[in-house]
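# Results of the structural survey
Letter by letter, the chains look like this.
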Amino acid sequence: MTDAPLPEKLVGALSSGLKVLRYLAKSPNPVGVTRIAKDLELNASTCFNLLKTLVHERLVTFEESTKTYSMGLGLVELAKGSLEKASYVRMMRPHLQELATRHNITTTLWQVSRDDRVVLVDLAESGSTLRVHMSIGQRLPMYIAALGRCMAAHSGLTTMEIRRKISELRWEDGPSFETYMSEVEQVRQLGYAVDHGNYVRGVITVSSPILDSQGRPLMAVSAVGFSTQFSQNSLQALCEDLRERCREATLAVSGGIVQKLWGN
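The structure presented is a predicted model; accordingly, all values stated were derived computationally and were not measured.

### Quick notes on the overall build of the chain
Counting secondary structure elements, the chain contains nine helices and eight strands. By the burial criterion, 48% of the 264 residues in the chain qualify as buried. For the chain, long-range pairs separated by at least 24 residues make up 57% of all intrachain contacts whose partners lie at least 6 apart in sequence. A total accessible area of about 14200 Å² is found for the chain, and carbon and sulfur atoms account for 52% of it.

### Some thoughts on the side chain of S126
Position of S126 among the secondary structure elements: in the loop between β4 (117-124) and β5 (139-141). Here the side chain of S126 touches N104 through a polar contact of 3.1 Å, side chain to side chain.

### Here's the deal with the packing of aromatic side chains
This model, assessed by the stated rule, comprises two aromatic pairs. If you follow R163 out to its NZ or CZ, it ends over the ring of F177, 4.0 Å from the centre.

Definitions and limits used
Residues numbered from 1 in each chain as written. Predicted model: local features only at pLDDT ≥ 70, side-chain atom pairs only at ≥ 80, totals over all residues. Heavy atoms only, no water. Helix = DSSP H or I, 4+ residues; strand = E, 2+ residues; numbered from the N terminus. Buried < 20%, exposed > 50% of the residue type's maximum accessible area, 1.4 Å probe, protein only. Contact = heavy atoms within 4.5 Å. Areas by Shrake-Rupley, 256 points an atom, 1.4 Å probe, with all protein chains shown as cover. Polar contact = N/O pair within 3.5 Å; in protein donor to acceptor, adjacent residues only side chain to side chain. Phe/Tyr/Trp six-rings, centres within 6.5 Å; stacked < 30°, edge-to-face > 60°. Lys NZ or Arg CZ within 6 Å of the ring centre and 35° of its normal.

Limitation: the analysis is restricted to geometry and does not speak to function.
Put into structure tokens, the structure is as follows:
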């Protein structure tokens, strides 16, 4: 196989932008503009403008608190035709870690499996010595806990079908069916669900779904922490942060088809 011939004239800005993307793809951690410009031997102002453009196009994400850049989920949309679900997992990895570090919790990525189950395909932990431990490959019933409300909200099932499925679930302090369905409806409006110790006493779980091009659940991201570590404000901040990342992921994996999300 021969190499493709060089074009008569290279577009410098495009080449430089692709160099930045390749650099970020190889970087294990978010990187600042000064470091990127130095390593790639780019003019600092030019590098900054390239990064701003890439952020605007959702190919790169900017972390305001650390002034650093990392790969964005918009790349999934561009490469959707050739990506497998494992690639979605890799693209979500930096977002899981940022959520875990920022909110001092454990974040988990769940993928829909067969037989009304979900499987844990990735996780990130904070540096806290006291944290909820989970294992890759762990399986859960699809409609349990906070992620279960998210799955039910976009399942297309009737109320009677949902009642039948959750009647088989085992909770430590399960909600009534009326409460469960009310929280399912909140997912459709707000984009996230919160489990206040229903599944495991003393543990709060926040979840938001990632939807495919038909608007059905493909994955869900869950954040898990102990009830005592949350204030009302910190819990709300976590809910909103998680929802926005899953909204972005949904736009990416659906190829932009799922536009109207969660009341917006």
